[in-house]
Amino acid sequence: MRHNIFLWFLMLVINFSCILFAYRKFGKIGLYIWVPISTILANVQVVILVNLFGLEATLGNILYAGGFLITDILSENYGKKAANTAVKIGFFSLIATTLIMQCAIHFKPLDISEGLAIFESVKGIFSLLPRLAIASLIAYLISQFHDVWLYHKIREFFPEKKFIWLRNNGSTMLSQLIDNVVFTTIAFYGVYPIDVMFNIFLSTYIIKFIVAICDTPFVYIADKMFRDKKIPEDI
């Protein structure tokens, strides 16, 4: 289990560091670039069940949570319109990936053992994508737009910079709860027994809760880089 936990924290650091690097290097566009990366990879990883912290959980939570970090950075530094644009980019990228990969997995591969094995592995992942994509699209739209809305609603009452942690955690934790309910129900109802579904829901939210706490320093770092004028203008 320690092996999984180590890799999990390593992936968390890599993911959030890549977001900051993209922001530092390319500015707001860098954040937009990372949205489809995280959205697509999260929906590939979600088919993998692992044990984390003694809980049964799916992978993809860290990458998916990166989307909330991005919208919070955009909300803080550029406003609601920029954050909503990121949500729309993620939505489009998932639709495009689903359509293209559904075409790809229906090709007839060469009758070569290695090629067939690779094709079946890819097909095994992306044949699940339509249902996962529908679940993810619905959950994504509801939770991400809610996250942006709630971030700015909290900001109306607590506008000071010292309350970034409250805006970030409050909007993300509640929005991820909504996301978890919608996604787990649509994606896994009838696929797994109810008790397994509940375990996935509970463990996934606990892990997302941990990720939401861990991403808070990165929001502050992004805000400081922005205020120190270290972020390039739009290319």
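Residues numbered from 1 in each chain as written. Predicted model: local features only at pLDDT ≥ 70, side-chain atom pairs only at ≥ 80, totals over all residues. Heavy atoms only, no water.

You'll find the protein chain entered in an unreviewed UniProt entry as Probable queuosine precursor transporter, with Fusobacterium nucleatum subsp. nucleatum given as the organism. The record held by UniProt for the protein chain lists under Function (unreviewed entry) the comment "Involved in the import of queuosine (Q) precursors, required for Q precursor salvage." The annotation that UniProt attaches to the protein chain under Sequence similarities (unreviewed entry) is "Belongs to the vitamin uptake transporter (VUT/ECF) (TC 2.A.88) family. Q precursor transporter subfamily." (UniProt positions renumbered as here; feature names shortened; annotations may be inferred.)

(A) View of the UniProt feature "transmembrane region" (unreviewed entry) in the protein chain. The sites that UniProt annotates as "transmembrane region" (unreviewed entry) are residues 6-24, 31-53, 87-108, 128-151, 172-192 and 198-221. What you have in residues 172-192 is 81% helix and 0% strand, and the ends, taken at the C-alpha atoms, are 27 Å apart. (Helix = DSSP H or I, 4+ residues; strand = E, 2+ residues; numbered from the N terminus.)

(B) Representation of the packing of aromatic side chains. One pass over the structure, following the stated rule, counts 9 aromatic pairs. Seen from their ring centres, Tyr64 and Tyr140 are 6.2 Å apart, and the 65° between their planes marks the pair as edge-to-face. With Tyr64 in helix α3 (residues 61-78) and Tyr140 in helix α6 (residues 129-157), this residue pair connects regions lying 76 residues apart in the sequence. Each member of the pair, Tyr64 as well as Tyr140, carries the same accessibility label: buried. Aromatic rings pair up to connect Tyr23, Tyr78 and Phe226 into one cluster. (Phe/Tyr/Trp six-rings, centres within 6.5 Å; stacked < 30°, edge-to-face > 60°. Buried < 20%, exposed > 50% of the residue type's maximum accessible area, 1.4 Å probe, protein only.)

(C) Just the pattern of salt bridges, in detail. As enumerated under the stated definition, the model contains 8 salt bridges in all. Glu76 is paired through a salt bridge with Arg167; the nearest N and O atoms lie 3.1 Å apart. In this pair, Glu76 sits in helix α3 while Arg167 sits in helix α7 (residues 164-188), placing the two residues 91 residues apart along the sequence. On the basis of relative accessibility, which here comes to 0%, the residue Arg167 falls in the buried class. Put simply, Glu76, Arg155, Lys161, Arg167, Asp223 and Arg227 are held in one network by salt bridges that share partners. (Salt bridge = Lys/Arg side-chain N within 4 Å of Asp/Glu carboxyl O.)

(D) Focus on the environment of Leu41. In this structure, Leu41 sits in helix α2 (residues 28-45). In the structure, Leu41 is positioned 22 residues away from Leu63 in sequence and 7.1 Å away in space, judged by C-alpha atoms.

(E) Structural context of the side chain of Thr71. Secondary-structure assignment places Thr71 in helix α3. Within the structure, Thr71 has its side chain in polar contact with the side chain of Asp147 (distance 3.0 Å). When residues no more than four places from it in sequence are discounted, the contact partners of Thr71 are Ala83, Ala86, Val87, Gln144, Asp147 and Val148. (Polar contact = N/O pair within 3.5 Å; in protein donor to acceptor, adjacent residues only side chain to side chain. Contact = heavy atoms within 4.5 Å.)

(F) A look at the packing of helix α1 (residues 2-26) against helix α8 (residues 194-214). The N-to-C vectors of α1 and α8 enclose an angle of 45°; their axes lie 12 Å apart at closest approach. By the criterion of interaxial angle, the relationship of α1 to α8 is oblique. The interaxial crossing formed by α1 with α8 has right-handed handedness. Taken together, the residues of α8 that come into contact with α1 (itself represented by Trp8, Leu12 and Phe16) are Ile207, Ile210, Val211 and Cys214. Of the residues assigned to the contact of α1 with α8, the class counts are 7 nonpolar, no polar and no charged. (Axes fitted to C-alpha atoms, helices over the stretch in contact; angles between N-to-C directions. Parallel < 35°, antiparallel > 145°, perpendicular 65-115°, else oblique. Left-handed = near helix turned anticlockwise from the far one by under 90°. Nonpolar A, V, L, I, M, F, W, Y, C, P; charged D, E, K, R; others polar.)

(G) Spatial organisation of α8. Here α8 contains 21 residues, and its C-alpha end-to-end distance of 30 Å stays within 8% of the 30 Å for a straight helix at 1.5 Å per residue. Turning to α8, its buried residues are Met197, Ile200, Ser203, Thr204, Tyr205, Ile207, Lys208, Val211 and Ala212. Tucked into the core, α8 has its buried residues touching α1, β1 (49-52), β2 (55-58), α3, α7 and α9 (216-227). (Expected span 1.5 Å × (residues − 1).)

(H) Examining the side chain of Gln45 more closely. Note on placement: Gln45 falls in helix α2. Residue classification places Gln45 among the buried residues on the basis of a relative accessible area of 17%. A distance of 3.2 Å separates the side chain of Gln45 from the backbone nitrogen of Gly60, its partner in a polar contact. When neighbours within four sequence positions are excluded, Gln45 is seen to be in contact with Met11, Leu59, Gly60 and Leu63.

(I) Structural context of a nonpolar patch on the surface. A cluster of nonpolar side chains, contributed by Phe6, Leu7, Leu10 and Ile14, occupies part of the molecular surface with about 370 Å² of accessible area. Inspection of the secondary structure puts Leu7 in helix α1. For Leu7, a relative accessible area of 38% puts it in the partly exposed group. (Patch = residues over 30% accessible without salt bridge, like charges linked within 9 Å, V, L, I, M, F, W, Y side chains within 5 Å. Areas by Shrake-Rupley, 256 points an atom, 1.4 Å probe, with all protein chains shown as cover.)

(J) Geometry of unusual backbone geometry. Although it is not a glycine, Lys229 adopts a positive phi angle of roughly 60°. Along the chain, Lys229 turns up in the segment after α9.

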